Amino acid sequence: MSEITDRLVYLGSSQDVTESKIAEEALRTSQSGLARANVQLSAAQRLSQTGSFTWDAKTLELDWSDENYRIWDFDPAVPPTMAMIVDAFHPDDRDPTMAAIEEAALTRSPFDAYFRIVTRSGAVKYLHTVSMPIPEITSHAVFLGSTQDVTESKLAEATLKASEAELARTNTYLTAAQRLSKTGTFMWDLEEDEHNWSEVIYQVFGFPPRTKVSMDMIASAIHPEDMPAVEALLRRAAIGEKFELVFRVLRSGGEMRHAQVIGHRIGEIPDRRVFLGALQDITQQKIAEADLNHARAELAHVARVTALSSLTASIAHEVSQPLAGIITNANTCLRMLAADPPNLDGARLTAQRTIRDGNRASDVISRLRGLFTRKPATFEQINLNETVREVLALSSTELQRRRVIVRTELLDDIPLVLADRVQIQQVILNLVLNAADAMADVELPDGEVHVSSRAEDGGFVRLSVRDVGIGLASQDVERLFQPFHTTKADGMGIGLSISRSIIEAHGGRLWGVSNTSGRGATFAFSIPGALAAEGLSKQVAAMPERVPETDSPSFSERRNG
Ligand code: ADP
């Protein structure tokens, strides 16, 4: 402005018309240049949301740009005052900002502050003001400065900080959750043999945290018996397939851990085989499973012995009968030999009968021995019809004593099953004795138990035991399968639950229903035939009589050997 004032003064004193024309032209150019600069400045201020001002620290006069009014949301028609500014400050920022302004005015030093204001409409804005005293004015401090609206970037910063804090928190939770669930995550670059592990995986393998691991190190820590399965997994992974496996790790100290791994290829990296996965330490679970299997096997044995005890009288009879036969036959044989002439043909015949009776008694005893002793589960191909006959041979006298007639309908065309003979005998015995019990209180002249076998679709074999006893009437059938549920005065209530777990371990099902026609109930099971069962050998092993190996020092020996 001073420049323009100079020119006006200059024009005012000129008398030369030509010169005055030139000067007029120059003035116009300069005015339009100034107007353009003003427009540009104002646009720039608006775009950058930066207003400018001057403030006389002595007279407290303020001179604001348009953008400054907009930023502070002040009425452009009302000249701003310090009181209005103080009033607009956010209550929390008012005192510190005013103190900083006073300090700058007093010491005539630059001012640079972030503060919040609350606008007329109640909005909170973050502002950044920088200003400095105009050096040309020496009498007192007159500040020139700019104020920028930094609300957006402050909010973005706050959001970023919050999401960073959230991320840190999530990470903490994740690490804690991984520790608690004994699960670790990993990233595996197959080509580069690069492994990025979280803490838990190092613990499972017993490697110091953050060690650089390689596939060789991992392989050497895996239980040799599990190596074929791991190699198969690696082959599947190599062609980009998903993988899942339970394997054992032998730590260098000889301690064993059971781990379950699951992973898949990261699709976002098409040119490299990089896998993402999780590994869980399931050692405790495995130990608990082994303990449970052990307890279950113990219970199954107790239940079997208990069931057999109800047959003792009949079994004694079963053995004493052939023994009596043996004695009678032997006496007859002696008599025939002592005759004159000796009756050799008759003696031969009675000796043969003696042998037959001896075999009968020994059969009973060997069947019993099988049922009484505890043996590891052994799976062989058996014919269910034969198993039924073996059980009925042991229990027929008892059933006769209870006036229960057993009728069988065993179809010849059933497939062999892959099963543990003793366990299946136990199931059939339970079902037959339960059927007899169910008929005990029913007034029937001749209660009949019907045992039948038949082939089913899919290579399965079904065995049913149908009675005409009290039936299941209003009972919740599933409750009968719960351990220790019994309605009998001397019952243990474990027969059905054990039978079901045996059948399920054979890959089959066991159920009970009320007979639709007539009285009584039918309990039946269906198990896969030997061919269908091939793929089920793993499940079958879930019912071992023997405790599976868990941590044991002999692993390191075996590994070394
Ligand atoms: P327990 O024979 O020791 O009671 P189980 O587990 O074998 O134990 O049977 C549980 C219950 O199921 C029996 O107490 C009985 O109430 C019921 N139950 C089993 N079989 C039959 C059946 N054939 N008819 C009616 N009820 C049955």
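Residues numbered from 1 in each chain as written. Predicted model: local features only at pLDDT ≥ 70, side-chain atom pairs only at ≥ 80, totals over all residues. Heavy atoms only, no water.

- Looking at an unreviewed UniProt entry, one finds the protein named histidine kinase and attributed to Pararhizobium capsulatum DSM 1112.
- A UniProt comment under Catalytic activity (unreviewed entry) is attached to the protein, and it reads "ATP + protein L-histidine = ADP + protein N-phospho-L-histidine." (UniProt positions renumbered as here; feature names shortened; annotations may be inferred.)

**Brief notes about the site of the ligand**
Then step 1. Near the ligand there are 18 residues, and of these T486, T487, K488, G493 and L496 occur at the shortest range.
Then step 2. Between the ligand and N434, the relevant distance is 2.9 Å, taken from an oxygen atom to a side-chain nitrogen or oxygen of the residue.
Then step 3. Within the side chain of D467, a nitrogen or oxygen atom sits 2.8 Å from a nitrogen atom of the ligand.
Then step 4. With the chains in place, 94% of the 530 Å² that the ligand exposes on its own is no longer accessible.
Then step 5. Put simply, the parts of the chain that give the shell around the ligand at least two residues each are helix 14 (421-440) and helix 16 (495-505).
Then step 6. Of the residues assigned to the shell around the ligand, the class counts are seven nonpolar, nine polar and two charged. (Near = heavy atom within 4 Å. Polar contact = N/O pair within 3.5 Å; in protein donor to acceptor, adjacent residues only side chain to side chain. Areas by Shrake-Rupley, 256 points an atom, 1.4 Å probe, with all protein chains shown as cover. Helix = DSSP H or I, 4+ residues; strand = E, 2+ residues; numbered from the N terminus. Nonpolar A, V, L, I, M, F, W, Y, C, P; charged D, E, K, R; others polar.)

**Regarding the pairing of strand 15 (residues 460-466)**
Then step 1. For strand 14 (residues 447-456) and strand 15, the ladder comprises seven bridges, and the chain directions are antiparallel. The residue of strand 15 that forms the bridge with S453 is L463.
Then step 2. Between strand 14 and strand 15, which pair antiparallel one after the other, the connecting turn spans three residues, and G458 there sits at a positive phi close to 75°.
Then step 3. Relative to strand 17 (residues 521-528), strand 15 runs antiparallel, the two sharing seven bridges. Counterpart to R466 in the pairing with strand 17 is T522. (Pairing = 2+ DSSP bridges.)

**A closer look at helix 11 (residues 312-338)**
Then step 1. Here helix 11 spans 39 Å end to end across 27 residues, near enough to the 39 Å set by a 1.5 Å rise per residue.
Then step 2. Those residues of helix 11 that sit buried are S314, I315, E318, V319, P322, G325, N329, T332 and C333.
Then step 3. As for helix 11, its buried residues are in contact with helix 10 (283-309), helix 12 (344-372) and helix 13 (384-401). (Expected span 1.5 Å × (residues − 1). Buried < 20%, exposed > 50% of the residue type's maximum accessible area, 1.4 Å probe, protein only. Contact = heavy atoms within 4.5 Å.)

**Topic: the UniProt feature "domain: PAS" (unreviewed entry) in the protein**
Then step 1. Within this structure's numbering, the places UniProt gives as "domain: PAS" (unreviewed entry) are residues 170-241.
Then step 2. End-to-end, the C-alpha atoms of residues 170-241 are 30 Å apart, and along that stretch the chain is 51% helix and 15% strand.

**A few points about helix 9 (residues 227-238)**
An α-helix turns once per 3.6 residues; consequently, residues spaced three or four apart project the same way.
Then step 1. The first and last C-alpha atoms of helix 9 sit 16 Å apart over twelve residues, in line with the 16 Å expected at 1.5 Å per residue.
Then step 2. At its buried positions, helix 9 is contacted by strand 6 (183-189), helix 8 (215-221), strand 8 (243-250), strand 9 (256-265) and strand 10 (274-281).
Then step 3. Positive backbone phi, approximately 85°, marks G240, located one or two places after helix 9.

**Considering the packing of helix 14 against helix 16**
Then step 1. Close contact between helix 14 and helix 16 brings their axes to 9 Å; oriented N to C, the two are set at 145°. The chirality of how helix 14 crosses helix 16 is left-handed. On helix 16, the residues that touch Q423, I424, Q426, V427, N430, L431 and N434 of helix 14 are G495, L496, I498, S499, I502 and I503.
Then step 2. Taken together, the residues that form the contact of helix 14 with helix 16 break down as seven nonpolar, six polar and no charged. (Axes fitted to C-alpha atoms, helices over the stretch in contact; angles between N-to-C directions. Left-handed = near helix turned anticlockwise from the far one by under 90°.)

**Some points on the sheet that holds strand 16 (residues 509-514)**
Then step 1. Across the sheet, which stays open at both edges, the five strands sit in the order 12-14-15-17-16 with mixed pairing between neighbours. In this open sheet, the two edge strands, each paired with only one partner strand, are strand 12 (404-410) and strand 16. Mean inter-strand twist for the sheet, computed between neighbouring axes without regard to direction, equals 15°.
Then step 2. In terms of strand pairing, strand 12 meets strand 14 through seven bridges, oriented parallel. Along strand 14, the bridge assignment pairs V404 with G447.
Then step 3. Helix 13 contacts strand 12, strand 14, strand 15 and strand 17 of the sheet and is inclined by roughly 170° relative to strand 12.
Then step 4. Helix-sheet contacts for helix 14 involve strand 12, strand 14, strand 15, strand 16 and strand 17, and the interaxial angle to strand 17 is about 170°.

**Describing the nonpolar core**
Then step 1. Membership of the largest hydrophobic core comes to 52 residues, with the highest contact counts inside it found for L384, I424, I428, L463, V465, F523 and F525.
Then step 2. If one sorts the elements of this core by residue count, helix 14 sits on top with eleven residues.
Then step 3. Apart from the residues within four sequence positions on either side, L384 is in contact with I414, V417, I424, V461, L463 and F525.
Then step 4. Counting residues in each nonpolar core, the second largest holds 25 residues, with F186, W188, M227 and A259 among its members. (Core = buried A, V, L, I, M, F, W, Y, C linked by side-chain atoms within 4.5 Å.)

**Some points on the side chain of R500**
Then step 1. As for its position among the elements, R500 is in helix 16.
Then step 2. A polar contact is formed between the side chain of R500 and the side chain of E478, at a distance of 2.8 Å.
Then step 3. Each residue touching R500, except ones within four places of it in the same chain, is listed here: E478, F481, L510 and W511.

**Here we look at the confidence of the model for the protein**
Then step 1. On average, residues of the protein carry a pLDDT of 86, and 91% of them reach 70 or more.
Then step 2. Contacts from residues 1-14, a stretch scored under 50 in pLDDT, to residues over four places away or in other chains number ten contacts.
Then step 3. The model gives residues 536-561 a pLDDT under 50, and that stretch makes 53 contacts with residues more than four places away or in other chains. (pLDDT = per-residue confidence, 0-100.)

**Notes on the packing of aromatic side chains**
Then step 1. With the rule as written, the count across this model stands at 16 aromatic pairs.
Then step 2. One aromatic cluster is present, built from ring pairs that chain together W64, Y69, W72, F74, F89 and F115.
Then step 3. The ring of Y114 carries K154 above its face, with NZ or CZ at 4.8 Å from the centroid.
Then step 4. The ring of F481 carries R500 above its face, with NZ or CZ at 3.7 Å from the centroid. (Phe/Tyr/Trp six-rings, centres within 6.5 Å; stacked < 30°, edge-to-face > 60°. Lys NZ or Arg CZ within 6 Å of the ring centre and 35° of its normal.)

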